[in-house]
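# Structural characterization, general
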Amino acid sequence: MNNLEIEIKNTSYTFKAGFAFLHKVNKEVTAPVDGFDKKKEIGLPWLVANIIDGDIDFLVKCLLDMNMNQTPRLSKENLEEWLEEEADIDAVFKEVIDFLLSANVCKKALAQVAQEYKKMQEVELKKTAKNKK
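This structure is a prediction, so every number in the text was calculated from the model and none was measured.

### A closer look at the side chain of Thr-14
Structurally, the position occupied by Thr-14 is in strand β2 (residues 11-16). Judged by relative accessible area, which is 12%, Thr-14 ranks as buried. Within the local environment of Thr-14, its side chain forms a polar contact with the side chain of Glu-5, the two groups lying 2.8 Å apart. If near-sequence neighbours (up to four positions away) are discounted, Thr-14 is found in contact with Asn-3, Leu-4, Glu-5, Met-66, Asn-67 and Gln-70.

Here you go:
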């Protein structure tokens, strides 16, 4: 799956988790590498972990970054208005997370994040099943 398509206010927008996206977000967060005088770029796992945690600002940032080289371009104002007034926010979070975890340039870097996300989903399913009893 290379692109995510979302219709916002009767316009279809394309979101791509490609190399341009990967390089942009990875550069934004770095961590020191033990035993070396180097830093590792960890922006992608950081971004996705925050989206999984439900941080809507990271969701907005991610969508805008994935749309950066696409036509038509989505403005932050239109995206935020759509999320605030029209979108099924839970569905958008899930769709973006699932897309990122399966995108070719992201899935290896996000393997550990994907495992933790799967565990969280299982816990939520158990809670939901328990509450229905």
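And the narrative resumes.
### So, the confidence of the model for the protein chain
Summarising the model, the protein chain shows a mean pLDDT of 89, and 97% of its residues fall at 70 or more. Within the protein chain, no element has a lower average pLDDT than helix α7 (residues 111-132), which sits at 73, and none a higher one than helix α3 (residues 56-66), at 97.

### Quick word on the side chain of Gln-70
Here Gln-70 shows up in the loop between α3 and α4 (76-85). Residue classification places Gln-70 among the buried residues on the basis of a relative accessible area of 17%. Apart from the residues within four sequence positions on either side, Gln-70 is in contact with Thr-14 and Lys-16.

### Here we look at unusual backbone geometry
The residue after Thr-71, namely Pro-72, is reached through a cis peptide bond having omega 0°. Relative to the helices and strands, Pro-72 is located in the loop between α3 and α4. Unusually for a residue other than glycine, Asn-10 sits at a positive phi of about 65°.

### What about the environment of Asp-37?
Position of Asp-37 relative to the elements: it lies in the loop between β3 (30-32) and β4 (39-41). Each C-alpha atom, one on Asp-37 and one on Phe-99, is 34 Å from the other, the two residues being 62 residues apart in sequence.

### Things to note about the pairing of β2
Where strand β1 (residues 3-8) lies against β2, 6 bridges are found, and the strand directions are antiparallel. Bridge assignment links Asn-3 to a residue of β2, and that residue is Lys-16. With antiparallel pairing between neighbouring strands as the criterion, β1 and β2 make up a hairpin whose turn holds 2 residues, including Lys-9 at a positive phi of roughly 50°.

The rules behind the values
- Residues numbered from 1 in each chain as written.
- Predicted model: local features only at pLDDT ≥ 70, side-chain atom pairs only at ≥ 80, totals over all residues.
- Heavy atoms only, no water.
- Helix = DSSP H or I, 4+ residues; strand = E, 2+ residues; numbered from the N terminus.
- Buried < 20%, exposed > 50% of the residue type's maximum accessible area, 1.4 Å probe, protein only.
- Polar contact = N/O pair within 3.5 Å; in protein donor to acceptor, adjacent residues only side chain to side chain.
- Contact = heavy atoms within 4.5 Å.
- pLDDT = per-residue confidence, 0-100.
- Pairing = 2+ DSSP bridges.

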